[in-house]
Amino acid sequence: MKGMERNNSEFAKNYYWGKLRYDELRVVLEQIDFPYVILKGEVLSVYMNNQVATRGSNDVDILVDKSNIGALTKILKNSGFESSKEEKREDLIYYLTFAHQIAPYRKRKGSNDIYVDINFDLFWGGYQGRRIDINSFLEDAITMNIYGVNVKTLPLYKTLIALILHHYKDFNSIFLLASSKSITEKKIMEIYCLIVNNIERFVISEFIELCGRYGVQQYAYYMLYYVNEFCRHSNRVICEIVEKVWCAEGEALLNVYGLEKKHTWKIDFFQRLNNDNLFEEIRADLSPDELRQISTCSEFY
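Residues numbered from 1 in each chain as written. Predicted model: local features only at pLDDT ≥ 70, side-chain atom pairs only at ≥ 80, totals over all residues. Heavy atoms only, no water.

Some thoughts on the packing of helix α8 (residues 185–196) against helix α10 (residues 217–230)
Between α8 and α10, the least distance of the axes is 10 Å, while the angle of their chain directions is 95°. When the interaxial angle is binned, α8 and α10 end up roughly perpendicular. Contacts between α8 and α10 involve Glu-185, Ile-188, Met-189, Ile-191, Tyr-192 and Ile-195 on the former and, on the latter, Met-223, Leu-224, Tyr-226, Val-227 and Phe-230. Split into classes, the residues belonging to the contact of α8 with α10 amount to ten nonpolar, no polar and one charged. (Axes fitted to C-alpha atoms, helices over the stretch in contact; angles between N-to-C directions. Helix = DSSP H or I, 4+ residues; strand = E, 2+ residues; numbered from the N terminus. Parallel < 35°, antiparallel > 145°, perpendicular 65-115°, else oblique. Contact = heavy atoms within 4.5 Å. Nonpolar A, V, L, I, M, F, W, Y, C, P; charged D, E, K, R; others polar.)

So this is what it looks like as structure tokens:
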């Protein structure tokens, strides 16, 4: 009974804040006349559980092409939002060069703030591989109704690819490993639930073809391998996806961390999972330049 009451309370809190956010975002989204999608948050909740408010969120993530950042920030400002950081040219250059998003925008509502994250890349800052053209990636966006607001979001396989890339970044960024509990069961289960809740329409060959098209097969293998390990190979479809998405590049990533320079883990995956003190596990492996990078990132996030 206590667990049920806790779940009901969590749902009610998520619903209250989710609806508040989208009530405020309605006027913003209605003004957008360029390609965009909403990532994670409520749209992921619907994909995972067929309803809003089943996944906690602190903000709304919008993905646009880098060329449309100025237009989106203008709409946000005209709708009562402001940047959460003092807007300095050098800061914007840093975000555009070394990150995948700019500083969040926020709007005061009562005694609380509503936050919007503006993402312009699916990869992380400093990524050296072939990047995904965002406008092209958004071409087949679908419409989803969230709290009575029609929003654009990604179709299923692209939603999974975006989630995989986001969680791979969280599992491997030395800044996030040093500053937060970034390898979590929750992230594993988000990928698991996204697939399992849509399993009847999940065509493995179509997903793998899309991974190859966007050059993300190694990251898909990495994340799905650990989803499968965590779930003890309990789902036939996920086992089959892992088998078919295998590639040597993905296997080479399994026991290392770092988005650019790679380091070998000294502890296994289950010791890393939900560990809130991973910095102590990796500190000795990091170079002075990497430690400075962590310090620099902490000034912006």
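After presenting the structure, the write-up continues.
Some thoughts on the pattern of salt bridges
Any two side chains of opposite charge can pair, given that their charged atoms come close. With the rule as written, the count across this model stands at 19 salt bridges. Linked through salt bridges whose partners overlap, the residues forming this network are Glu-24, Lys-107 and Lys-109. (Salt bridge = Lys/Arg side-chain N within 4 Å of Asp/Glu carboxyl O.)

Section: the nonpolar core
Nonpolar side chains in soluble globular proteins tend to be buried together. Judged by nonpolar contacts, the single largest core of 108 residues is most densely connected at Val-151, Phe-207 and Tyr-219. If you tally residues by element for this core, the top one is helix α6 (residues 156–172), at ten residues. When near neighbours in sequence (up to four residues on either side) are disregarded, Val-151 contacts Tyr-22, Leu-29, Tyr-36, Ile-38, Val-43, Ile-142, Thr-143, Met-144 and Ile-146. (Core = buried A, V, L, I, M, F, W, Y, C linked by side-chain atoms within 4.5 Å. Buried < 20%, exposed > 50% of the residue type's maximum accessible area, 1.4 Å probe, protein only.)

A closer look at the packing of α6 against α10
Closest axis-to-axis distance for the α6/α10 pair is 9 Å, and the angle between their directions is 70°. By the angle between their axes, α6 is roughly perpendicular relative to α10. Taken together, the residues of α10 that come into contact with α6 (itself represented by Ile-164, Leu-165, His-167, Tyr-168, Phe-171 and Asn-172) are Tyr-219, Ala-220, Tyr-222, Met-223 and Leu-224. Looking at side-chain class alone, the contact of α6 with α10 contains nine nonpolar, two polar and no charged residues.

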